[in-house]
Amino acid sequence: MKLFFAILFFCLKAFGSIEVSEETLPGLLEKNPEMSGLKERLVAAESVKGSLTRSFLPKVVATYGRERYTTGPYEGVNQPFGGIEAKINVFNSGKDKLENQKRNRKADVSAIDATIAESYLLSEIRKAMSHYAYLEEIINIIQEAILNNEKNLGGAKKRINAGLSTNTDYLDFKQQMVQMDQELETLKYEQGVVLRLIATLTGQSSSEAIKVSFTNSHPEDHSDVGPTIQLNDSLISKRASLLTKVAQIEKEQAKRWWTPNLELYSYAFRFLQKEREYREKEDRNDVAIGFRFTFPLFDGGELMKDAESKTSLAMALEYEAKTKHLAAEREAQNALSNLKLAHTLIHGAEDNVEVMSLYRKGILSEYSRGIKNLPDVLQASQRWVEAKSRFAEVKKNYQFAKADALYHTSLGSLK
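All values derive from a computational prediction rather than experimental measurement. (Residues numbered from 1 in each chain as written. Predicted model: local features only at pLDDT ≥ 70, side-chain atom pairs only at ≥ 80, totals over all residues. Heavy atoms only, no water.)

K.L.:
When you look at the overall build of the chain in this model, what are you seeing that I'm missing?
P.N.:
Assigned secondary structure in the chain consists of nine helices and six strands. Per-residue burial over the chain gives 36% buried out of 415 residues. Residue pairs at least 24 apart in sequence account for 81% of intrachain contacts in the chain once pairs closer than 6 positions are excluded. Surface accessibility of the chain: about 24300 Å² in total, with carbon and sulfur atoms responsible for 56%. (Helix = DSSP H or I, 4+ residues; strand = E, 2+ residues; numbered from the N terminus. Buried < 20%, exposed > 50% of the residue type's maximum accessible area, 1.4 Å probe, protein only. Contact = heavy atoms within 4.5 Å. Areas by Shrake-Rupley, 256 points an atom, 1.4 Å probe, with all protein chains shown as cover.)

K.L.:
Would you mind showing me how to read the pattern of salt bridges here?
P.N.:
A full pass over the atoms with the stated rule returns 12 salt bridges. The partner of Glu-99 in a salt bridge is Arg-103, with the nearest N and O atoms 3.0 Å apart. Highlighted residues: Glu-99 and Arg-103, both in helix H5 (residues 95-161), separated by four residues, approximately one helical turn. A residue is classified by how much of its surface remains accessible, and Arg-103, at 26% relative accessible area, is partly exposed. Residues Lys-127 and Asp-404 are paired through a salt bridge, measuring 2.7 Å at the closest nitrogen-oxygen approach. With a gap of 277 residues between them, Lys-127 in helix H5 and Asp-404 in helix H9 (residues 374-410) connect regions that are remote in the sequence. (Salt bridge = Lys/Arg side-chain N within 4 Å of Asp/Glu carboxyl O.)

K.L.:
Even after reading the chapter, I still don't get the environment of Val-20, so can you show me in this structure?
P.N.:
Locating Val-20 in the fold gives a position in strand S1 (residues 18-20). Through-space distance from the C-alpha of Val-20 to that of Ile-210 is 7.0 Å; in sequence the pair is 190 residues apart. Leaving out residues up to four positions away in the same chain, Val-20 has contacts with Leu-25, Leu-28, Ile-125, Met-129, Ile-198, Ile-210, Lys-211, Val-212 and Ser-213.

K.L.:
Whenever I open this one, the packing of aromatic side chains confuses me. Can you help?
P.N.:
Each aromatic ring pair is summarised here by two numbers: the centre-to-centre distance and the angle between the ring planes. This model, assessed by the stated rule, comprises four aromatic pairs. An angle of 75 degrees between the planes, with centres 6.2 Å apart, marks the rings of Tyr-69 and Tyr-74 as edge-to-face. Given the relative accessible area of 4%, Tyr-69 is considered buried. Between Tyr-120 and Tyr-407, the aromatic rings sit 6.1 Å apart at their centres with planes inclined by 75 degrees, giving edge-to-face as the arrangement. Note that Tyr-120 is positioned in helix H5 and Tyr-407 in helix H9, a separation of 287 residues in sequence. For Tyr-120, a relative accessible area of 47% gives the class partly exposed. (Phe/Tyr/Trp six-rings, centres within 6.5 Å; stacked < 30°, edge-to-face > 60°.)

K.L.:
Explanation requested: the side chain of Gln-253 in the structure shown.
P.N.:
Relative to the helices and strands, Gln-253 resides in helix H7 (residues 235-255). By relative accessible area, which is 17% here, Gln-253 ends up buried. At 3.4 Å, the side chain of Gln-253 forms a polar contact with the side chain of Lys-102. If we skip the residues at most four places from it in the chain, Gln-253 touches Lys-95, Leu-98, Glu-99 and Lys-102. (Polar contact = N/O pair within 3.5 Å; in protein donor to acceptor, adjacent residues only side chain to side chain.)

K.L.:
Please clarify how the pairing of strand S5 (residues 261-270) should be interpreted in this entry.
P.N.:
Of the strand pairs in this sheet, strand S3 (residues 74-91) and S5 are connected by nine bridges, and their pairing is antiparallel. Following the sheet pairing, Phe-91 is matched in S5 by Leu-262. (Pairing = 2+ DSSP bridges.)

K.L.:
Would you mind going over H7 with me for this structure?
P.N.:
What sets the pattern is the α-helix's 3.6 residues per turn: residues three or four places apart point alike. Taking 1.5 Å of rise per residue, the 21 residues of H7 would be expected to cover 30 Å, and the 30 Å separating its terminal C-alpha atoms lies within 8% of that figure. For H7, every residue scored as buried is listed here: Leu-235, Ile-236, Ser-237, Ala-240, Leu-242, Thr-244, Val-246, Ala-247, Ile-249, Glu-250, Gln-253 and Ala-254. (Expected span 1.5 Å × (residues − 1).)

K.L.:
Sorry if this is basic, but what is going on with the sheet that holds S3 here?
P.N.:
Strands in a sheet are paired, the pairing made by backbone hydrogen bonds, and the direction either parallel or antiparallel. Reading across from one edge, S2-S3-S5-S6 is the order of the four strands in this open sheet, with antiparallel pairing throughout. Looking at strand neighbours, the two that pair on one side only are strand S2 (59-71) and strand S6 (285-294), the edges of this open sheet. Along the sheet, successive strands turn relative to each other by an average axial angle of 20 degrees, direction set aside. With 10 bridges connecting them, S5 and S6 associate as antiparallel partners. (Axes fitted to C-alpha atoms, helices over the stretch in contact; angles between N-to-C directions.)

K.L.:
Even after reading the chapter, I still don't get H9, so can you show me in this structure?
P.N.:
Between the first and last C-alpha of H9 there are 54 Å, a value that for 37 residues agrees with the 54 Å anticipated at 1.5 Å per step. Phi turns positive, to about 90 degrees, at Gly-412, one or two residues after H9.

K.L.:
Even after reading the chapter, I still don't get the nonpolar core, so can you show me in this structure?
P.N.:
Burial of nonpolar side chains together is a common tendency in soluble globular proteins. Counting residues in each nonpolar core, the largest one holds 41 residues, and the members touching the most others are Val-20, Ile-125, Met-129, Ile-142 and Ile-198. Among the secondary structure elements, those contributing two or more residues to this core are S1, helix H2 (25-29), H5, helix H6 (167-201), strand S4 (210-212), helix H8 (302-368) and H9. Ranked by the residues each element gives to this core, the list is headed by H5, at 16 residues. Apart from residues lying up to four places away in sequence, Ile-142 is in contact with Met-180, Glu-183, Leu-184, Leu-187 and Val-385. Judged by nonpolar contacts, the second largest core, of 12 residues, contains Ile-346, Ala-387, Phe-391 and Ala-405. (Core = buried A, V, L, I, M, F, W, Y, C linked by side-chain atoms within 4.5 Å.)

K.L.:
Help me understand a nonpolar patch on the surface in this model?
P.N.:
The grouping of Ile-88, Val-90, Phe-91, Trp-258, Leu-264, Phe-291, Phe-293, Phe-295, Leu-297 and Phe-298 at the surface amounts to a nonpolar patch, some 1100 Å² of accessible area in total. Residue assignment for the nonpolar patch shows that the elements contributing at least two residues are S3 and S6. No other element matches S3, which puts three residues into the nonpolar patch. By the secondary structure assignment, Phe-291 is in strand S6. (Patch = residues over 30% accessible without salt bridge, like charges linked within 9 Å, V, L, I, M, F, W, Y side chains within 5 Å.)

K.L.:
Help me out: how do you make sense of the environment of Thr-215 in this one?
P.N.:
Within the secondary structure, Thr-215 sits in the loop between S4 and H7. The class for Thr-215 is exposed, based on a relative accessible area of 59%. Expressed as a C-alpha distance, the spacing of Thr-215 and His-131, which sit 84 residues apart in the sequence, is 9.8 Å.

K.L.:
How should the side chain of Lys-127 be read in this particular structure?
P.N.:
Given a relative accessible area of 16%, Lys-127 falls into the buried group. Apart from the residues lying within four places of it in its own chain, the contact partners of Lys-127 are Phe-400, Ala-403 and Asp-404.

These figures come from the coordinates and say nothing about function on their own.
Structure, rendered in structure tokens:
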């Protein structure tokens, strides 16, 4: 009965775990709080677009209030006041158009930010999955080495009983067993750290049960990422360029601080008796229509200095855009070169595993016949573990390089 409940528990745990794989990543990203925040920023930026059209719509304000006052001959007079007023922007020296352009550019920046963040997050999750698969492979290597070491322990006992070696051979194999057990526990701990990282990146609780379905497979080629670099479409470069344009628009807005503004207005308002000295309330009603022409003359030089500041900022951002363009080009080229290097190293590491497997097999055979000694066996076992671990590492490095290359591809840097 206890066995039944134990099996049921593990089945339910497996059923309730969240599977993380290349296929499930897009859906899991929706739960990431960072992505949700960026999407809300995008919605906010999109909602303020179209300000040019709205700037020419009438602005209507209704007012109502009541005031008790003592002014001149009026002692403790309590009267209501209120009305309605409408204003229409007729001419604003092009500043409304500039504001509309700036908001549109900022909305484009927000959209690019969301795309870049999603691509970067995908890249980081892919790397985390690759590292988890690497740790899983190393664990399997250590477990296989432990099984081989147990066989060596049995062989050492036979040699000791036959008088071909001393008890120190047994102790050396035993000490190697302890070391591998400790390494195995460390690897399992690191796996737990990576699982919690994946859970966090996918917007889950760090205590959530995660099942990673990923293998650092041996690629036949790297045709999934092309060899040419095209930076004209890079989102990083576009973002920098858009921010430069925003700064240029703000510079132009600041330079127009002195330009006039013309608006039409109309109101129907009931004033207080202290403002319109008529006893009858109907006589204090006022209906008007007119226009207002505003021409700034001097404000102490603040707006002029602001225009100079915005000019310098626009120039700085222009240089920054060029710097980011060059940086994006360098990073894209590095990602592609790293991908090619990792692919090349895989074949050498695979050949090395085959050689060391044969070497270890030969050393064990010679040890059993008394030709080789214990240090030769320990060294052969260690070199076999290192060769297998190196092969697992270069496959992981390839997946890391591929994740970086795919990141640049998604930004339009690689085609």
